[in-house]
Amino acid sequence: MSLKEDIILVANEASTDLACKVAARLDVPFSEMLRRRFADGETYHAFPRSISGRNLIIIGATHTEYSYQELLDLIQGGRYCNAASINVVIPYLGYSTMERAKPDSHEIPKGITRTRQIFKSRPDFVAFVDLHSEAVLHAHGGEISTKHVWTDSLAVEKIQSMGLEDFVLVSPDYGFSKRVARLASMLDCPHTAADKDRFDTDKTIVGQISSVVHGRTAVVCDDMIRTGGSIIQTAQRCLDAGAADVVVMATHLVMAGDSREKFKKSPISRIIGSDTYPGCVSDDLLDVYSVAPLLAEILEKHLQL
């Protein structure tokens, strides 16, 4: 059995807020990494105390180049400093949509290659949250324990708390429809999917929506909102089909570029999502819930706390 006194919980800089929430749920202290940045751009890291023989937990999203490299440094540092085990939670995996290369494209499937580098840094356990594709789970030779953490229970709880009387779940494409069907089963509500076709890196066309949304509140669900283009198109198609209102729910609120401005001009009444993507907080547009309780539960089971 692992004792909580043997746990040291740290985070890369971007995921500090979420890590503090996870530490509070686990009832263990959060240990702030010692960091200094030098004039030439190099970054100094040190653990605040000895981690030798202790179980190290690292919370780290990899949404930027710096955060990705910092996570690798922390894992390798834990191995160098003789941690008893290195347990990693990646709330948001950058490049997760690049999990395969098109034939003869010569492109690099960075979702796989970058995750492979994380595995090669020799953690013992890695948990991912609401992956775009589970292909990345298999980017190692079998020596790493992995866990795909689904946030279904949190999403259902959030939707139930909204007090919606008559609603239908909508997937923006058929690829995500299985997840939406699972959520609809848990909520005992109908569901449907849009027909989406991608014609460029960040551009899509969304076809018609089933009339099942007529007179209902359409809750458009997706794993992430990047630029918002397809989500907004899906919302408009729902209204064209007679939906009374449109709400959006997505786990990872990337909200890149001018997406916030586009959403504010759209017919979408509110956006619900989690705090997996660093910097996401509730405001006049976003309603953000925390995945900390779920992550703490996963870590308790894995470490037998």
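Everything that follows concerns the structure shown earlier in this document.
Residues numbered from 1 in each chain as written. Predicted model: local features only at pLDDT ≥ 70, side-chain atom pairs only at ≥ 80, totals over all residues. Heavy atoms only, no water.

Engineer: Mind showing me how you'd approach the environment of N55 here?
Structural biologist: Mapped onto the fold, N55 is located in strand 4 (residues 55-59). According to the relative accessible area criterion, N55 is buried, its value standing at 12%. Polar contacts involving the side chain of N55 include one to the side chain of S85, which spans 2.6 Å. (Helix = DSSP H or I, 4+ residues; strand = E, 2+ residues; numbered from the N terminus. Buried < 20%, exposed > 50% of the residue type's maximum accessible area, 1.4 Å probe, protein only. Polar contact = N/O pair within 3.5 Å; in protein donor to acceptor, adjacent residues only side chain to side chain.)

Engineer: Just to check I follow, could you spell out the pattern of salt bridges for this structure?
Structural biologist: If charged atoms from side chains of opposite charge come close, those side chains can pair. In total, this model carries 18 salt bridges according to the counting rule given. Between D287 and K158 there is a salt bridge, and its shortest N-O distance comes to 3.1 Å. Here the residue D287 occupies a position in strand 15 (residues 286-289), and K158 occupies one in helix 4 (residues 152-161), the gap between them amounting to 129 residues. The exposure class assigned to D287 is partly exposed, which follows from its relative accessible area of 26%. Taking the shortest distance from any N to any O, the salt bridge between D284 and K264 comes out at 3.8 Å. (Salt bridge = Lys/Arg side-chain N within 4 Å of Asp/Glu carboxyl O.)

Engineer: Explain the packing of aromatic side chains here, please?
Structural biologist: Each aromatic ring pair is summarised here by two numbers: the centre-to-centre distance and the angle between the ring planes. Evaluation of the coordinates by the stated rule reveals two aromatic pairs. A ring pair is formed by F119 and F128, whose centres lie 6.2 Å apart and whose planes are at 85°; its orientation type is edge-to-face. The residues F119 and F128 share a single accessibility class, namely buried. R36 extends its terminal NZ or CZ atom over the ring of Y44, reaching a point 4.2 Å from the ring centre. Its guanidinium or amino end placed over the ring of Y68, R114 lies 4.7 Å from that ring's centre, counting from NZ or CZ. (Phe/Tyr/Trp six-rings, centres within 6.5 Å; stacked < 30°, edge-to-face > 60°. Lys NZ or Arg CZ within 6 Å of the ring centre and 35° of its normal.)

Engineer: In this structure, what is going on with the packing of helix 1 (residues 16-26) against helix 8 (residues 292-303)? I would like to understand it.
Structural biologist: Helix-helix packing: each pair is described by the crossing angle between the helix axes and the interaxial distance. Remark: helix 1 packs on helix 8, axes separated minimally by 8 Å, with the N-to-C direction vectors making an angle of 55°. The pairing of helix 1 with helix 8 is recorded here as oblique in orientation. Helix 8 is crossed by helix 1, and the crossing has right-handed handedness. Mapping the contact onto sequence places L18, K21, V22, R25 and L26 in helix 1 and A292, P293, L295, A296, L299 and E300 in helix 8. Its residues assigned to classes, the contact of helix 1 with helix 8 shows eight nonpolar, no polar and three charged. (Axes fitted to C-alpha atoms, helices over the stretch in contact; angles between N-to-C directions. Parallel < 35°, antiparallel > 145°, perpendicular 65-115°, else oblique. Left-handed = near helix turned anticlockwise from the far one by under 90°. Contact = heavy atoms within 4.5 Å. Nonpolar A, V, L, I, M, F, W, Y, C, P; charged D, E, K, R; others polar.)

Engineer: What exactly am I supposed to notice about the state of the cysteines here?
Structural biologist: In a disulfide, the sulfur atoms of two cysteines are covalently bonded to one another. The final tally for this structure, using the stated rule, is zero disulfides. C189 takes part in no disulfide bond, and the closest cysteine sulfur to it belongs to C221, at a distance of 8.2 Å. Here C280 stays unpaired: no disulfide links it, and the sulfur of C20, its closest cysteine neighbor, is 17 Å away. (Disulfide = S-S within 2.5 Å.)

Engineer: What's the story with the nonpolar core in this structure? I'm lost.
Structural biologist: Soluble globular proteins: nonpolar side chains tend toward being buried together. Judged by nonpolar contacts, the single largest core of 44 residues is most densely connected at L9, V22 and L169. Considering every element that reaches this core, the biggest residue donor is helix 8, with seven residues. Among all residues touching L9, those that are not within four sequence positions of it are A19, V22, A23, L26, V28, P29, F30, S31, I57 and I59. Judged by nonpolar contacts, the second largest core, of 31 residues, contains V168, V170, V213 and F263. (Core = buried A, V, L, I, M, F, W, Y, C linked by side-chain atoms within 4.5 Å.)

Engineer: How should I be thinking about a nonpolar patch on the surface in this particular structure?
Structural biologist: Where nonpolar side chains cluster on the molecular surface, the patch consists of L34, F38 and Y44 and spans about 270 Å² of accessible area. Mapped onto the elements of the fold, Y44 is located in strand 3 (residues 43-46). Exposure remark for Y44: the relative accessible area of 31% places this residue in the partly exposed category. (Patch = residues over 30% accessible without salt bridge, like charges linked within 9 Å, V, L, I, M, F, W, Y side chains within 5 Å. Areas by Shrake-Rupley, 256 points an atom, 1.4 Å probe, with all protein chains shown as cover.)

Engineer: Would you mind showing me how to read unusual backbone geometry here?
Structural biologist: Negative phi characterises most residues that are not glycine, and trans characterises most peptide bonds. With phi around 65°, Y95 is a residue other than glycine that occupies positive phi space. Mapped onto the elements of the fold, Y95 is located in the loop between strand 5 (85-90) and helix 3 (110-120). Despite not being glycine, H106 has its phi angle at roughly 65°, a positive value. Examined against the element boundaries, H106 turns out to sit in the loop between strand 5 and helix 3. Residue class for H106 comes out exposed when judged on its relative accessible area of 75%.

Such coordinate-based values are descriptive only and should not be taken to indicate function.
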